[in-house]
Amino acid sequence: MTSRSTALPRRRLTAAAALALVGALTAACGSGSTPSESASPTGRSESSTAGSATPSSSATPSSSESGEPLDVSACVRQKADSLSEEQAIGQLLMVAFDTAAPRTALDDLIAEQHVGNVIYLGGWDGAARVKETSGHLQDQATETATGGIPLLLAADQEGGEVRQLRGEGFTKVPSAKVQAQMSSSELTAAAKGWAGELKAVGINVNLAPVTDTVPADIGRANEPIGKYARQYGSEPATVTKASTAFLKGMIEGGVMGTVKHFPGLGRVENNTDFNTTGITDSVATPSDPFLAPFTAGVKAGAGLVMVSSARYPGLDATKTQAMFSRPIITDLLRGRLGYEGVVITDDINAKAVRSIPAAERATRYIEAGGDILLTGDPESVPGMIEALSSKARADEEFATLLETSVLRVVALKERMGLVRCS
């Protein structure tokens with residue numbers, strides 16, 4: 001992560017550290033309105049405010065499991081090294097674009113804060129409007145703003161009540177519970193078609209499928225998932241089969257998929273967007289069968305894993321929320337499960353974490369092993385970027401973590417065909 005004017009300090013890595021860094025980066029290469037905030041079924045608050053992707057559907061080998069580091073693309077290194085400090089950190093932000101905001105609402109954040117990714121929220125109506133907006137956003141990803149690296153443009157297009165893109169040009173995707181009744185081949189074919197609709201309007205990332213398992217005895221009492229039939233089933237095998245079929249269809253259709261909400265929201269009572277209590281899963285352990293759908297999604301080629309803001313005392317004895325937990329992100333997800341790609345937060349401004357200053361949320365997330373900070377509040381962006389920059393200058397170990405995250409994001413974009421080198 002170099003800068004032509006305000007570079008982060010350069011470091012010499014030991015041989016062991018260099019190998020670990022290479023291994024950690026490689027895998028990533030390779031229609032009505034949305035429900036209101038008070039009833040939001042999504043894993044993030046929805047009250048705040050184009051390039052095409054051709055991702056590979058093949059699973060990425062795990063150097064964490066094999067012990068053998070994989071080569072990272074020279075293109076990824078070249079692109080990452082060409083970014084200024086500000087541009088590099090901007091690659092780690094995904095900012096909400098609310099449907100009620102004017103088309104130019106994020107222009108300054110992209111130009112001045114170098115934000116590298118955007119998520120559509122609030123319920124967008126009609127393909128023509130989304131396509132025009134996506135084109136406008138990608139036009140902002142200039143050499144000066146983002147080093148010429150296109151944006152990840154994301155949406156929650158799960159199906160059922162969680163469809164950010166609706167109206168003319170978008171299929172009324174059924175809920176996950178209905179999708180699960182389809183055969184794997186039927187669901188993959190359907191998802192490929194839905195992906196085609198997203199790709200046509202410039203969306204290159206779908207923050208789906210949901211890989212949470214909601215036990216039958218909890219059902220609709222599970223506010224974030226079960227209440228809205230967002231789960232594929234009450235058994236991990238059912239969830240694995242359907243979510244993997246959906247994911248494969250997305251990838252085949254040219255849109256990168258995301259598994260969420262790691263390590264699972266199926267057993268919690270309340271929605272982390274609006275609650276600070278009732279958000280603890282006291283059952284999950286490192287051998288939890290509910291982790292199987294996440295593992296399957298990673299093997300099926302998911303480019304992103306979204307981590308929850310719930311608590312899991314059986315996974316982290318300190319009861320630290322998952323997005324700030326090194327035992328959960330680094331030790332469990334990256335180590336035990338062998339995932340080496342991009343980890344993205346659920347909304348970093350959710351009520352569950354809002355008591356922590358935004359700057360601290362940003363740095364703690366990177367320290368835990370995460371990569372992209374998803375924020376439903378564009379006004380929080382400058383403070384988080386400044387916190388990341390300041391800590392990197394003061395802490396060499398943190399700077400290395402930050403650089404590694406940037407490389408993971410650039411590697412994902414290369415895999416999706418968004419980054420090309422001469």
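The following paragraphs examine the structure supplied in this document. (Residues numbered from 1 in each chain as written. Predicted model: local features only at pLDDT ≥ 70, side-chain atom pairs only at ≥ 80, totals over all residues. Heavy atoms only, no water.)

A few words on the overall build of the protein chain. Assigned secondary structure in the protein chain consists of 15 helices and 12 strands. Residues classed as buried in the protein chain amount to 62% of the 422 residues present. A total of about 14,900 Å² of accessible surface is found on the protein chain, and carbon and sulfur atoms cover 51% of it. (Helix = DSSP H or I, 4+ residues; strand = E, 2+ residues; numbered from the N terminus. Buried < 20%, exposed > 50% of the residue type's maximum accessible area, 1.4 Å probe, protein only. Areas by Shrake-Rupley, 256 points an atom, 1.4 Å probe, with all protein chains shown as cover.)

Before going further, it helps to spend a moment on the packing of helix α3 (residues 74-82) against helix α15 (residues 396-415). Contact geometry of α3 with α15 gives a least axis separation of 9 Å together with a crossing angle of 125°. Between α3 and α15, the crossing angle belongs to the class labelled oblique. Here α3 and α15 pass one another in a crossing that is right-handed. Of the residues in α15, those touching α3 at Cys75, Val76, Arg77, Lys79 and Ala80 are Leu407, Val410, Ala411 and Glu414. (Axes fitted to C-alpha atoms, helices over the stretch in contact; angles between N-to-C directions. Parallel < 35°, antiparallel > 145°, perpendicular 65-115°, else oblique. Left-handed = near helix turned anticlockwise from the far one by under 90°. Contact = heavy atoms within 4.5 Å.)

This paragraph deals with the side chain of serine 380. Counting through the fold element by element, serine 380 comes out in the loop between β12 (373-375) and α14 (381-394). A distance of 2.8 Å separates a polar atom in the side chain of serine 380 from a polar atom in the side chain of threonine 375. Dropping the residues within four chain positions of it, serine 380 is found in contact with Asn349 and Thr375. (Polar contact = N/O pair within 3.5 Å; in protein donor to acceptor, adjacent residues only side chain to side chain.)

Another point: unusual backbone geometry. Here the bond from alanine 208 into proline 209 is cis, since omega is 15°, no more than 30 degrees from zero. You can see proline 209 is positioned in the loop between β8 (205-206) and α10 (236-252). In this model, lysine 260 is joined to histidine 261 through a cis peptide bond whose omega is 5°. Located in the positive-phi region is alanine 229, a residue other than glycine, with phi close to 55°. Within the element layout of this structure, alanine 229 appears in the loop between β8 and α10.

To continue, consider the sheet that holds strand β1 (residues 93-98). Read across the open sheet, the eight strands follow the order β11-β10-β9-β8-β4-β2-β1-β12; overall the sheet is parallel. Two strands close off the open sheet at either side, each with one partner strand: β11 (342-345) and β12. Bridging between strand β2 (residues 117-121) and strand β4 (residues 152-155) involves four bridges; their strand directions are parallel. Among the inter-strand pairings, asparagine 117 is bridged to a residue of β4, identified as leucine 152. Against the sheet, α14 contacts β1 and β12, and its axis sits at roughly 180° relative to β1. (Pairing = 2+ DSSP bridges.)

Moving on, we get to the environment of proline 313. Within the element layout of this structure, proline 313 appears in the loop between β10 (304-307) and α12 (326-336). Relative accessible area serves as the criterion here: at 24%, proline 313 is assigned to the partly exposed category. Placed 29 residues apart in sequence, proline 313 and alanine 284 show a C-alpha to C-alpha distance of 7.9 Å. The contacts of proline 313, once residues within four sequence positions are left out, are Thr280, Asp281, Ser282 and Lys319.

With that settled, consider the packing of aromatic side chains. Going through the model one piece at a time under the given rule, you end up with five aromatic pairs. Plain terms: the ring middles of tryptophan 194 and phenylalanine 246 are 6.1 Å apart, the flat faces sit at 45° to each other, and that makes the pair tilted. Pair noted here: tryptophan 194 is in helix α9 (residues 184-200) and phenylalanine 246 is in helix α10, with a separation of 52 residues, a long-range link. With centroids separated by 5.3 Å and ring planes inclined at 90°, the aromatic side chains of phenylalanine 262 and phenylalanine 294 adopt a geometry described as edge-to-face. Placement of the pair is phenylalanine 262 in strand β9 (residues 256-262) and phenylalanine 294 in helix α11 (residues 292-299), with a sequence separation of 32 residues. Through a chain of ring-to-ring contacts, the aromatic side chains of Phe97, Tyr120 and Trp124 assemble into a single cluster. The residue whose ring lies beneath arginine 267 is phenylalanine 290, and the NZ or CZ to ring-centre distance is 3.9 Å. Of note, lysine 391 hangs over the ring of phenylalanine 398, and the distance from its end group to the ring centre comes to 5.6 Å. (Phe/Tyr/Trp six-rings, centres within 6.5 Å; stacked < 30°, edge-to-face > 60°. Lys NZ or Arg CZ within 6 Å of the ring centre and 35° of its normal.)

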